[in-house]
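Listed below are the residues making up each chain.
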Amino acid sequence: NYITWDSQGQLAVNKFDATATVDIEGFMKLKPLSEEPNKSTGVIAVADGENWDPCDKQTNYPVYYDGSNWIPMI
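Residues numbered from 1 in each chain as written. Predicted model: local features only at pLDDT ≥ 70, side-chain atom pairs only at ≥ 80, totals over all residues. Heavy atoms only, no water.

1. Structural notes on a nonpolar patch on the surface
Consideration 1: Together, Val 22, Ile 24, Met 28, Leu 30, Ile 44, Tyr 64 and Met 73 give the surface a local cluster of nonpolar side chains, amounting to about 630 Å² of exposed area.
Consideration 2: Checked against the element boundaries, Tyr 64 lands in strand β5 (residues 61-65).
Consideration 3: Residue classification places Tyr 64 among the partly exposed residues on the basis of a relative accessible area of 33%. (Patch = residues over 30% accessible without salt bridge, like charges linked within 9 Å, V, L, I, M, F, W, Y side chains within 5 Å. Areas by Shrake-Rupley, 256 points an atom, 1.4 Å probe, with all protein chains shown as cover. Salt bridge = Lys/Arg side-chain N within 4 Å of Asp/Glu carboxyl O. Helix = DSSP H or I, 4+ residues; strand = E, 2+ residues; numbered from the N terminus. Buried < 20%, exposed > 50% of the residue type's maximum accessible area, 1.4 Å probe, protein only.)

Right, dumping it as structure tokens:
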């Protein structure tokens, strides 16, 4: 397992050469959040669906912030 950071500022996880700003060979795990994170366009988070439930799904679910609203990714 390894991480590389190239001179262009691209980060690769388990790869030698990144083809994007962040390039992961594998998967990423996000912990469900019980409160809203700092909003910024493009933020991806997992709502716990109980304490923080921006799309009224009442279960854990991924969301992204489009600059105005949290959009469910399910």
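2. Some details on the pattern of salt bridges
Consideration 1: Scanning all chains against the criterion turns up two salt bridges.
Consideration 2: A salt bridge links Lys 15 to Asp 23; the shortest N-O distance between them is 3.0 Å.
Consideration 3: The partner of Glu 36 in a salt bridge is Lys 39, with the nearest N and O atoms 3.8 Å apart.

3. Brief notes about the side chain of Gln 10
Consideration 1: Locating Gln 10 in the fold gives a position in the loop between β1 (3-5) and β2 (11-13).
Consideration 2: According to the relative accessible area criterion, Gln 10 is buried, its value standing at 19%.
Consideration 3: Among residues more than four places away in sequence, those in contact with Gln 10 are Thr 4, Trp 5, Ala 18, Thr 19, Ala 20 and Thr 21. (Contact = heavy atoms within 4.5 Å.)

4. Structural notes on the sheet that holds strand β3 (residues 22-24)
Consideration 1: Read across the sheet, three strands follow the order β1-β2-β3 without closing on themselves; strand pairing throughout is mixed. With one partner strand each, in any of the chains shown, β1 and β3 form the two edges of the open sheet. Ignoring strand direction, the axes of neighbouring strands in this sheet form an average angle of 10 degrees.
Consideration 2: Pairing analysis gives three bridges linking β1 to β2, with the strands arranged antiparallel. The partner of Trp 5 across the bridge, within β2, is Leu 11. (Pairing = 2+ DSSP bridges. Axes fitted to C-alpha atoms, helices over the stretch in contact; angles between N-to-C directions.)

5. Let's talk about the environment of Ile 71
Consideration 1: Mapped onto the elements, Ile 71 comes out in strand β6 (residues 70-72).
Consideration 2: In this structure, the C-alpha to C-alpha distance between Ile 71 and Pro 54, residues 17 residues apart in sequence, is 8.4 Å.
Consideration 3: Every residue in contact with Ile 71, bar those within four places of it in the chain, is listed here: Cys 55, Pro 62, Val 63, Tyr 64 and Asp 66.

6. Here's the deal with unusual backbone geometry
Consideration 1: Although it is not a glycine, Asp 56 sits at a positive phi angle of roughly 55 degrees.
Consideration 2: Mapped onto the elements of the fold, Asp 56 is located in the loop between β4 (44-47) and β5.
Consideration 3: For Asp 56, a relative accessible area of 57% puts it in the exposed group.
Consideration 4: The backbone of Gln 58 shows a phi angle near 60 degrees, a positive value even though the residue is not glycine.
Consideration 5: With respect to the secondary-structure elements, Gln 58 resides in the loop between β4 and β5.

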